[in-house]
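Given next are the chains, with one letter for each unit.
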Amino acid sequence: MTVNESITDLMTLDGRVALVTGAGRGIGRAIAMRLAEAGAAVAVADFDADAALRVTEAIRVAGGSAEAAPADVADEADVKTLVRACSEQMGGLDVVVNNAGIFPVRPVLEMATADFDRVLSVNLRSAFLCTREAALAMVDQGRGGSIINVTSVDALHPSMVGLAHYDASKHGMWGFTKNVALELAPHGIRVNAVAPGGVLTEGVREMGAGSDEAVAAFAERVPLQRMGDPDDIARAVLFLAVPMSGYMTGSQVVVDGGLLLR
Ligand SMILES: NC(=O)c1ccc[n+]([C@@H]2O[C@H](COP(=O)([O-])OP(=O)(O)OC[C@H]3O[C@@H](n4cnc5c(N)ncnc54)[C@H](O)[C@@H]3O)[C@@H](O)[C@H]2O)c1
């Protein structure tokens, strides 16, 4: 690393390969679009194959490079196949964004064991599986890498009742981020987290929090007076992916419009 690198060089992902999970819509889609704009070839991984294809097409139309990668990232065999495809068909793996996540509201008194297990699997086990497989590939490549875990303000403080399983998964993801950052640092692999506040996405609409009234009520709680846009999160992820953040590892960047200040 030299001190006089230009801002352009520090912000580019030219010649790099990025894998984004849950990239078929919402925050993951915005992340995939920004990483592609920065020059990365992006593997658009999603459970929903049609959604992954649509995002891949949107990236190509914008002049970027992408491959659709249908996968259940909670499934070990799927993750192994996914990472192998990046290494063998896309030329390697330099950036991984563990974004796929679910947030079904369920009071703990009504929570089935299967509810808890599913949330932990999709949100936390997936990050472990993708990180392990990607890190093995990155160590093999010998050119370092950047792994970014999309946590939540709920990794630090609960936002509402009914998300005990979700909060457990996101607190776990933050602990996982710090420990893995320590372990992978000698290989030049940085591991950081981005913690979004409330962001208007398809998933949030499905949980019933996307109506005009709900969005306005949420905005009133936010010091910056609006709900987040998926691209607000994508910009922070981009920063952690590019050389600009080359001396950051084990950090969690909160992107919440100031929500946690209240
Ligand atoms: N939207 C928010 O307000 C908010 C706030 C804090 C954190 N987050 C986190 O951001 C991430 C994205 O949230 P979002 O609001 O964009 O969600 P979303 O529901 O709009 O999109 C999630 C995407 O992940 C995919 N997905 C789900 N399970 C998967 C699996 N097992 N394998 C592969 N893909 C899978 C879905 O098909 C979907 O395309 C999640 O980790 C979420 O916890 C969101």
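Because the structure is a prediction, the values reported are computed rather than measured.

## Things to note about the site of the ligand
Part 1: Surrounding the ligand, one finds 30 residues, the nearest of these being G22, G26, G101, T201 and G203.
Part 2: Among the secondary structure elements, those contributing two or more residues to the shell around the ligand are α2 (26-37) and α7 (202-206).
Part 3: Partitioned by chemical class, the residues of the shell around the ligand number 14 nonpolar, 11 polar and 5 charged.

## With respect to the pairing of strand β5 (residues 145-150)
Part 1: Of all the 6 residues making up β5, 6 are buried; the element is thus mostly covered by neighbouring parts of the structure.
Part 2: Of the strand pairs in this sheet, β5 and strand β6 (residues 189-196) are connected by 6 bridges, and their pairing is parallel. Its bridge partner being in β6, G145 is matched across the sheet by I189.
Part 3: In terms of handedness, the path from β5 via helix α6 (residues 164-184) over to β6 forms a crossover that is right-handed.

## Observations regarding the environment of V253
Part 1: Its place among the elements puts V253 in strand β7 (residues 252-255).
Part 2: Along the primary structure V253 and L240 are separated by 13 residues, whereas in three dimensions their C-alpha atoms are 9.1 Å apart.
Part 3: Each residue touching V253, except ones within four places of it in the same chain, is listed here: N192, V194, A195, A236 and L240.

## Section: the environment of I233
Part 1: As for its position among the elements, I233 is in helix α9 (residues 230-241).
Part 2: Sequence-wise, I233 and L124 are 109 residues apart; in three dimensions their C-alpha atoms are separated by 19 Å.
Part 3: For I233, the residues in contact, after removing those within four places along its chain, are I27, A30, V194, P196, V199, G228 and V255.

## Considerations on the nonpolar core
Part 1: In terms of nonpolar packing, the biggest core is built from 78 residues, with A32, L35, V42 and V44 touching the most fellow members.
Part 2: Sort the elements by how many residues they give to this core and helix α5 (residues 113-141) lands first, with 10 residues.
Part 3: Apart from residues no more than four positions distant in its own chain, V42 is found in contact with A18, V20, A32, L35, A36, I59 and A66.

## Thoughts on the sheet that holds β5
Where strands meet in a sheet, backbone hydrogen bonds hold them as pairs that are either parallel or antiparallel.
Part 1: Here we have 7 strands laid out as an open sheet, ordered β3-β2-β1-β4-β5-β6-β7, and parallel in their pairing. Only two strands of the sheet have a single partner each, and these edge strands are β3 (65-70) and β7. The mean inter-strand angle of the sheet, taken between neighbouring strand axes irrespective of direction, is 15 degrees.
Part 2: Across 3 bridges, the pairing between strand β1 (residues 17-21) and strand β4 (residues 95-98) is parallel. Considered in β4, the bridge of L19 is made with V96.
Part 3: Across the sheet, α5 touches β1, β4, β5 and β6, and the angle it forms with β4 is around 175 degrees.

## Quick look at the packing of α2 against α9
Angle between the axes and distance between the axes are the two parameters that describe a pair of packed helices.
Part 1: Close contact between α2 and α9 brings their axes to 8 Å; oriented N to C, the two are set at 50 degrees. Relative to α9, the element α2 is oriented oblique. Judged by the sense of rotation from one axis to the other, the crossing of α2 with α9 is right-handed. Here G26, I27, R29, A30, I31, M33, R34 and L35 of α2 lie close against α9, whose contacting residues are P230, D231, I233, A234, R235, V237, L238 and A241.
Part 2: Among the residues forming the contact of α2 with α9, the class breakdown is 11 nonpolar, 1 polar and 4 charged.

How each quantity is defined
- Residues numbered from 1 in each chain as written.
- Predicted model: local features only at pLDDT ≥ 70, side-chain atom pairs only at ≥ 80, totals over all residues.
- Near = placed C-beta within 6 Å.
- Helix = DSSP H or I, 4+ residues; strand = E, 2+ residues; numbered from the N terminus.
- Nonpolar A, V, L, I, M, F, W, Y, C, P; charged D, E, K, R; others polar.
- Buried ≥ 20, exposed ≤ 12 C-beta atoms within 10 Å, placed from the backbone.
- Pairing = 2+ DSSP bridges.
- Right-handed = clockwise from strand over helix to strand, strands pointing away.
- Contact = placed C-beta atoms within 7 Å.
- Core = buried A, V, L, I, M, F, W, Y, C linked by C-beta atoms within 7 Å.
- Axes fitted to C-alpha atoms, helices over the stretch in contact; angles between N-to-C directions.
- Parallel < 35°, antiparallel > 145°, perpendicular 65-115°, else oblique.
- Left-handed = near helix turned anticlockwise from the far one by under 90°.

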